[in-house]
Each structure stands twice: as structure tokens, then as C-alpha cells.
Amino acid sequence: MSTLLEIRDLRAKIGEKEILKGVNLVINAGEIHAIMGPNGSGKSTLANVLMGNPAYEVTGGDIVFKGESVLEMSPDERARKGLFLAFQYPVPIPGVTLVNFLRQAVNAVRGEEVPIREFREKLFSKMELLKVDQDFARRYVNDGFSGGEKKRAEMLQMAVLEPAMAILDETDSGLDIDALRTVADAVNKLMNPNMGLLLITHYQRLLNHIRPQFVHVLVDGRIARSGGPELAEYLEARGYDEFLAELARA
Amino acid sequence: MTTAPEAIVGEYKWGFYDPEEALFKANKGLSREIVNVISDMKGEPQWMREFRLRALEIFWQKQDPPWGSPQLKEIDFDDIHYYVKATDRDERSWDDVPEYIRRTFDRLGIPEAERKYLAGVGAQYDSEVVYHNIREDLEKQGVIFLGTDQALKEHEDIFKEYFGTVVPPGDNRYAALNSAVWSGGSFIYVPKGVKVEIPLQAYFRINTQNMGQFERTLIIADEGSQVHYVEGCTAPIYRSDSLHSAVVEIIVKRGARVRYTTIQNWSNNVYNLVTKRAVAYQDAVMEWVDGNLGSKLTMKYPSVYLMEPGAHGEILSLAFAGKGQHQDAGGKIVHAASNTTSTIISKSLSKDGGRTSYRGLLKVYEGCENVKSTVRCDALLLDEESRSDTYPTMEIDAPDVHIQHEAYVSKLGEDQLFYLMSRGLSEEAAAKMIVNGFVEPIVKELPMEYAVELNRLIELQMEGAVG
Ligand SMILES: Nc1ncnc2c1ncn2[C@@H]1O[C@H](COP(=O)(O)OP(=O)(O)OP(=O)(O)O)[C@@H](O)[C@H]1O
Ligand SMILES: [Mg+2]
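In this text the structure is predicted, and so the values were computed from the model without any measurement.

## Here's the deal with the overall build of chain A
Summing up its helical and strand segments, chain A has nine helices and ten strands in all. The C-alpha atoms of chain A give 18 Å as radius of gyration, which agrees with the globular expectation for 250 residues (18 Å, within 12%). Overall, chain A is about 60 × 40 × 35 Å in size when its C-alpha atoms are taken along their principal axes. Of the accessible surface of chain A, which amounts to about 11,000 Å², a share of 47% is contributed by carbon and sulfur atoms. Seen as two clouds, the 30 positive and the 35 negative side-chain charges of chain A have centres 1 Å apart.

Listed below in C-alpha cells is the structure:
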């Protein structure tokens, strides 16, 4: 079992505010991890810092991906190395069609021009997998998309780009019940023994469809507890107040 | 001319030029004699000579508009050639075109473009139309597509009826100047009910140092007809300033439809001061698609006068200002009748300290009912040094008017860049993608080869814009 991603004592701030206060996490190839945690605990910050968002400043620790520190790498270098982030709030790019964007992204990630035919076949098969119709690819990226459409578009990008390590930041929020199942089925199909998956979610229902081996609870910029799927069930049943109270007692 | 061509090409991608082989080049400066010489050379009728001389008097009396850029003061009207004739007659076929001119066109890709798309090419080289080719089916339909000089010779009646009626010499200083020394340009007449399916195109170039180019275009779309005219330019760079001051007049008669598309990429020393105006009658549609890149200073506000009920005017304007450039562009719509509608969409980009201004006028005359207009201006700043301003003017003298006006200035978004980069795009590729998306609403209105060219020009302008 090879280590894919190792987060070592990671600290990060935005402006003057420290948000990540020493996060440790190891994800091996073939593993699915889930991160849960109260609003504002730093989950999206962690995701952004992993992807290299320049808005955040890393103040300590390291991120080692495929045996190499990525701290000095720009977001595009990280993407080319196989890292992918499905955003909690995908950004609209008016005037740029999803199909054009995806084509450039695929070429960039692969480091070579993918023949148009091959690209189209791949795109269409992934669109089928995610049950989006053909017109969807002609729309402008995230521009006027509904909440659920945005999340589906993120998954379409992941499906086409085939990353080694994917971070899904609240991909379930905004999806209706059927869409959640579709997306979950797709993710399960895409998951493979060489790949790692990090799911950020508030709800057990996603984890019923995509079964993680490990669940972590992020509280105030640190992983407060790690466990198996039962930890997610516990949180779902009790809520964070009780969890935090218990944490304080321990 | 001491600068080596290679050095110039290095600075400016489309900056190749030909040795000046013009057959006739008027002395620098402006005088009644020069105007008379121009009229003599062209063998014009007396009324045109008088028109020119009257216009010259007006030019001498007129001042620059008070809101005009201070850069206008830098133009030295005595240091300009007002007439250059490259070959002594219009050419009908490509083989007849002189070798050095063909070479230039080859580099611009004209013959290939023609094979693929063109119905006719009216390519303006220096001040004369040297190459003109109309497909037979157009001729059969009675469509006239000629160089403006030739049209005056061959179709004087119709020419005289419309020439100078939409933009009279007294309209503004540069219209007066153009009226005095105009040369070249395109003339189009589309007869009643004729729909020209393929865009008519002309390429323009300035090729003589210090030469003012004063082309004059006149388009008449008769009742129920339809035409799309496209002009595009890439100009060679020269060491001293050049003046381009064109006048375009368009008459869109009842139920007719005209679209006029311009893509300009003047070199960075050109003053581009153009008066473009159309009048649209009952149920007529006039559309300006105006893309301005390059030049030192552009002042250009295509306008539409909606004269009768049911008329619709549309202006799509795109401007890109780089270092040392000022694009002062926009549009004017005048609602002079009830039940008229209009749309203005302006998109501007500035980088490296470049400046874009949107200047617009929306006027609704008293007594006009049920008038609708939408104005939308978007400016995108690519860095901190660049600048964009909006100067919208509304003169609304009627109560039953529905107007929507929106203006946005935004900076190249960090979150958009990060999003695209997280998908593997380099920062430069991401910025280009955002910019291409920003201009897409205009680009998608262009014929395919122009859309490709425009995207390429913008990418060139963008290079080095980030990182
Ligand atoms: N750009 C920013 N400027 C200032 N504060 C920020 C910024 N981004 C995040 N924060 C703050 O950092 C903290 C962590 O935010 P983050 O988005 O990582 O939380 P989260 O765990 O993803 O929450 P949620 O469950 O609501 O998505 C919050 O207090 C938030 O307000
Ligand atoms: Mg979040």
C-alpha cells in the first residue's frame, strides 16, 4: 500500500487569522477518507491549501503528494501532478464553454494535445455516466448553473481529468436525492486502487453511497478525532454540540 | 525611412511593410491646391470639387470637441500626406495586382480568405482600391460593390443622392477633414428585396509614412434588402504618427437590415478618428459590431438614428487598450420615432496602463412613445495601472420610455484564475481564457475567420500580461 498524500502538521492563515493549526493526515492509494466538522472549522481552507490557493498563506508543516512536497508548486503544477479539487462554490467563467474549458484542461493535465476525437468520446461517455445531456457542455462554465448543476459539472471535470487524488468539498450539498445517487455511483466507478479520495461533507447520506474507510472530525483547525464509518454515524445521531462537549470531558 | 524592416517586425507582429512605390504622393500639408489636385487626379465632377472645398473651409473653422482627448493636440495637420495613389487604376483580378502589393496581402491571408469566404474583396491599399472582385451572382442581383471613387464615376446619380446626407461635413472637425480629402473606401448599393447571403469584405491598410487615410464608405440598403459588410485592418508600424479619419454613412431603408463589422488593429502610433453613422427607417435593423485594438488614440462612436416606427439599432463595441493607448469608444442611439428599440453592449479591456473609455449617448425625442433601450458596459482591468471610465449621456424627452443601463468594472478575478489553474491551466492560459470569455458575446457575432483573428490578436496583446 503506497502513500499518496501526506499532510504533516499543516498550518495556514488568511490575512492575520490562523485557520489551520496543525493538520496531520495520511491517505494511501485506494483509500477513501471523509472529513466532517462544524461550519467554519477550516475544511474548505484545508482543501484550498492542498490545491495551492494563493489567497492562503502556509505558515508551517508540509504537504507531500506522490513522494514530493507540493508547497512550492503552483495550482496548475499540482493539477498536472494529479491533484483535483471539486469546489464547494465553483466559480462562473462567463463566455467560456464547458467543452472548451475541459479540452484545454485535459490537454494541460496530460501535457499533450489529446486528439479531438478521443476527447469527444471520453467527454460523451463521462456525460452519460453523470447523466447530463449534451447541451450541458455547450453552456458557459458555472454561469447561471443551479446549485446541483454546478456540483455535477465539478464531477464531470473530475471524471474527464481522472486525477490520482481528488478532494470533494461538499459535493453533496445542492444535489437532489436522485442526483446524489448518480454522482455517488459515478464516483464509485471512477475510484480505483491507485486513487485516493477525500470527501468533505456534513451529512451521513453521502457516506451511505460512497463508503469511506476513515472518518476525521476537524474542529478549530485541527483533526480532533479519527475513526471508521461509525464516527460519522455517531455525529449524525448526536450532533456537534454533544461531540464537542464529550471531547472537552475527555 | 532608416529603420530596418526586421527591427520593425520584431516590435510589432503585423508590422511588415513594402517599400513605398506609390505612383503619386501629394506634398505634405493641407491647402486648397492639394484639394484641387486630388479632385483633378480623380477626374471628379465639379459638384464634388465644390463639396470638398466647402468642407475644407469648415475644417479650418472647426475646433476639436471639448471632451476630446488632449492627445488630439499632438496631431500636426501640416505633416501629413493627404493623398497617395498606389496604382493608377482599379484592378479586377488578383493576377493584375502588382507584385509588392500581393506580397502584403499574402501575408495578411487575403487570397485564402477570399477562396473560402469572400463574396467580393475590396482591398484598400493606400488610398485607392486596387483590387476588387465581385462574384457574378451579386452582379446579377444588381448589387453594386465598388471602390467609392469608381462608384462616383459609374453611378453618379445614386451616389449624389445619398453622399454626405448622413454625415454632413459640418458634423465634426474630422468629418469635415475627411469630406475635403476623402479617397477610397467602399460603396455598396443593395436593390430592393435583395438579400446578400455572404458578408462583403474589405481589408484596409495604411502604408505610407505620415499618410492620412481618409476613406469614405457609403452603404445604401434599399427596402427589404439585407447586407453584412466586414472591414478588418492590420497596419504596419511607422516611426511617426499617422492619422486615420474615415467617414461611414449607411442608409437602411424600410424593412432592410444592415450589419457593419469592423475589426481594427492599427499600429500604436495611429490616431483613429472615425465618424460612423446610420439612419434606419421603418422596421429596419442596423447593427454595428466594432472591435478596436491597437492605435494610439481611437475616438469612435458608431451611431444609429431610428427615424421611423419599428426601427431597431444595435451597437456591439469591443476595445482593448494596452500600454500608451487610449480607446475612447462607445455608441450613440437616437430614437426619433415611436416604437423603436435599441441595444448597446460595450466590452473593454485595459492592461499595462492602457485606458478605455465608454462614451455613449442615448437620446429620445419628445413625442416618441413606447421606446425601449438597453445599455450594458463591462470593463475588465488586467492590472492595477490600467484605467477605465464611463461617460454615458441620456437625453430623454419623452415619458413612455423603458431604459435599462448597467455598467460594471471588474478586475481579473483571483478566484477565477485559481479555479482554472486548479484544472491544470497555466496562469497565462487561465487569464487568456477569462479574457476570451469576456469578449465572447462580441466575438460570437463575427464571421468565423474574424473571430479566430480577433482571439489571436487579443492573445498577442495578452502575452506577458500576467506573471
Ligand atoms: N477569504 C477569507 N477571508 C477571511 N476569513 C476567511 C476567508 N476564508 C475563510 N475564512 C474564515 O476561515 C474559517 C474557516 O473557513 P472554511 O471555509 O475553511 O470553513 P469550513 O469548515 O469549510 O466551513 P463550512 O462547513 O461552512 O463550509 C471561517 O471562520 C471563515 O470565515
Ligand atoms: Mg467549506
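And the narrative resumes.
## Quick look at the overall build of chain B
Along the backbone of chain B there are twelve helices and 23 strands. Buried residues in chain B amount to 64% of all 467 residues. In chain B, the share of contacts with a sequence separation of at least 24, taken over all contacts with a separation of at least 6, comes to 84%. Looking at chain B as shown, the accessible area adds up to about 17,100 Å², and 47% of this sits on carbon and sulfur atoms.

## Section: the pattern of salt bridges
Tallying each qualifying case throughout the model produces 37 salt bridges over all chains. One salt bridge connects A:R110 with A:E118, and the closest N-O pair in it is separated by 3.2 Å. Between B:R387 and B:D389 there is a salt bridge, and its shortest N-O distance comes to 3.2 Å. If you follow the salt bridges from partner to partner, you end up with B:E231, B:K276, B:D290 and B:K300 in one network.

## Considering the packing of helix α3 (residues 46-61) of chain B against helix α9 (residues 173-181) of chain B
For any two helices packed against each other, one specifies the crossing angle of their axes together with the interaxial distance. Residue and element names in this part refer to chain B. Across the interface, α3 lies against α9 with an axial gap of 7 Å and an inter-helix angle of 150°. Taken together, the axes of α3 and α9 lie roughly antiparallel to each other. Handedness of the α3/α9 crossing: left-handed. Here F51, R52, A55, L56, I58 and F59 of α3 lie close against α9, whose contacting residues are R173, A176, L177, S179, A180 and V181. Looking at side-chain class alone, the contact of α3 with α9 contains nine nonpolar, one polar and two charged residues.

## Overview of unusual backbone geometry
Residues and elements named next belong to chain A. Positive phi values are uncommon outside glycine, yet E170 reaches one of about 50°. With respect to the helices and strands, the residue E170 is situated in the loop between β7 (165-169) and α6 (177-190). A positive phi is found at D220, a non-glycine position, where the angle reads about 50°. Turning to its location among the elements, D220 is positioned in the loop between β9 (214-219) and β10 (222-227).

## A few points about the site of ligand 1
Residue and element names in this part refer to chain A. The immediate surroundings of ligand 1 are formed by 15 residues, with G40, K43, S44, T45 and H202 found nearest. Here K43 contributes a side-chain N or O atom positioned 2.8 Å from an oxygen atom of ligand 1. A distance of 3.0 Å separates an oxygen atom of ligand 1 from a polar side-chain atom of Q88. Here ligand 1, which alone exposes 630 Å², has 63% of that area covered by the protein. Mapped by element, the contributors of at least two residues to the shell around ligand 1 are β2 (17-28) and α1 (43-51). Across the shell around ligand 1, the residue classes break down as four nonpolar, eight polar and three charged.

## Overview of the environment of B:G255
Residue and element names in this part refer to chain B. Here G255 shows up in the loop between β11 (247-252) and β12 (257-266). Assessed through its relative accessible area of 38%, G255 is described here as partly exposed. Spatially, the C-alpha atom of G255 lies 19 Å from that of I144, the residues being 111 residues apart in sequence. Apart from residues lying up to four places away in sequence, G255 is in contact with G224, S225, Q282, D283 and A284.

## A word on the pairing of strand β21 (residues 371-381) of chain B
All names here are of chain B. Of all eleven residues in β21, eight are buried, a share of seventy percent or more. Direction of pairing for strand β19 (residues 341-350) relative to β21: parallel, over a ladder of ten bridges. Looking at β21, one finds that S346 is bridged to C377.

Cut-offs used in this document
Residues numbered from 1 in each chain as written. Chains lettered and ligands numbered in written order. Predicted model: local features only at pLDDT ≥ 70, side-chain atom pairs only at ≥ 80, totals over all residues. Heavy atoms only, no water. Helix = DSSP H or I, 4+ residues; strand = E, 2+ residues; numbered from the N terminus. Rg over C-alpha atoms; globule rule 2.2 N^0.38 Å. Areas by Shrake-Rupley, 256 points an atom, 1.4 Å probe, with all protein chains shown as cover. Lys, Arg positive; Asp, Glu negative; His and termini not counted. Charge placed at Lys NZ, Arg CZ, Asp CG, Glu CD. Buried < 20%, exposed > 50% of the residue type's maximum accessible area, 1.4 Å probe, protein only. Contact = heavy atoms within 4.5 Å. Salt bridge = Lys/Arg side-chain N within 4 Å of Asp/Glu carboxyl O. Axes fitted to C-alpha atoms, helices over the stretch in contact; angles between N-to-C directions. Parallel < 35°, antiparallel > 145°, perpendicular 65-115°, else oblique. Left-handed = near helix turned anticlockwise from the far one by under 90°. Nonpolar A, V, L, I, M, F, W, Y, C, P; charged D, E, K, R; others polar. Near = heavy atom within 4 Å. Polar contact = N/O pair within 3.5 Å; in protein donor to acceptor, adjacent residues only side chain to side chain. Pairing = 2+ DSSP bridges.

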